[in-house]
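Examination of the molecular architecture
Letter by letter, the chains look like this.
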Amino acid sequence: QVQLVESGGGLVQAGESLRLSCAASGGTFRTYAMGWFRQAPGKERGFVATIRWNSGSTAYADSVKGRFTISRDNAKNTVYLQMNSLKPEDTAVYYCAVATRFTLSTTTTSGYDYWGQGTQVTVSS
């Protein structure tokens, strides 16, 4: 069973930075992509960023382009999300996810097979 463990969330002021980490472990699996999604109270879980494991190609939601950077450490099977210039509207529970099968749907929740438990990010104004 694949497990994803997230860390790095917290409370910050607007304009500050946070770095989220997500380590995948358990069983024998191949990683095709890893992604970050977020869910604010009363809203659906939405796409934030994704990275393809072999090529390193990335994609971002328009709302975070230029502020957030996704990266990976293949050896550690870990994905990171560097979040700069945080805004109050970035407040949400952030989830990481892994695609263990080839998928073209890396910007939607349906493209991923396993999810982390989520980590809270709160940005005060």
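Summarised in this report is the structure supplied together with it. Everything numeric here is computed off the predicted structure, so don't read it as measured data.

The next point concerns the state of the cysteines. Applying the stated criterion across every chain yields a total of one disulfide. A disulfide bridge connects C22 with C96, and the sulfur atoms are separated by 1.9 Å. Its S-S torsion of about 45° marks the bond between C22 and C96 as right-handed, since a negative value means left-handed. A residue pair is termed long-range when its members are at least 10 positions apart, and C22 in strand β3 (residues 18-25) and C96 in strand β9 (residues 92-99) qualify at 74 residues. Among the residues examined, C22 registers a relative accessible area of 0% and is labelled buried.

Attention now goes to the side chain of T31. Summarising the element assignment, T31 is placed in the loop between β3 and β4 (33-39). Beyond its immediate stretch of four places on either side in the chain, T31 contacts W53, N77, V98 and A99.

Right, let's get into unusual backbone geometry. If you check the backbone angles, N77 has positive phi at about 50° while not being a glycine. Its location among the elements puts N77 in the loop between β7 (68-73) and β8 (78-83). Owing to a relative accessible area of 16%, N77 belongs among the buried residues under this scheme. A positive phi is found at S85, a non-glycine position, where the angle reads about 50°.

Cut-off values and rules
- Residues numbered from 1 in each chain as written.
- Predicted model: local features only at pLDDT ≥ 70, side-chain atom pairs only at ≥ 80, totals over all residues.
- Heavy atoms only, no water.
- Disulfide = S-S within 2.5 Å.
- Helix = DSSP H or I, 4+ residues; strand = E, 2+ residues; numbered from the N terminus.
- Buried < 20%, exposed > 50% of the residue type's maximum accessible area, 1.4 Å probe, protein only.
- Contact = heavy atoms within 4.5 Å.

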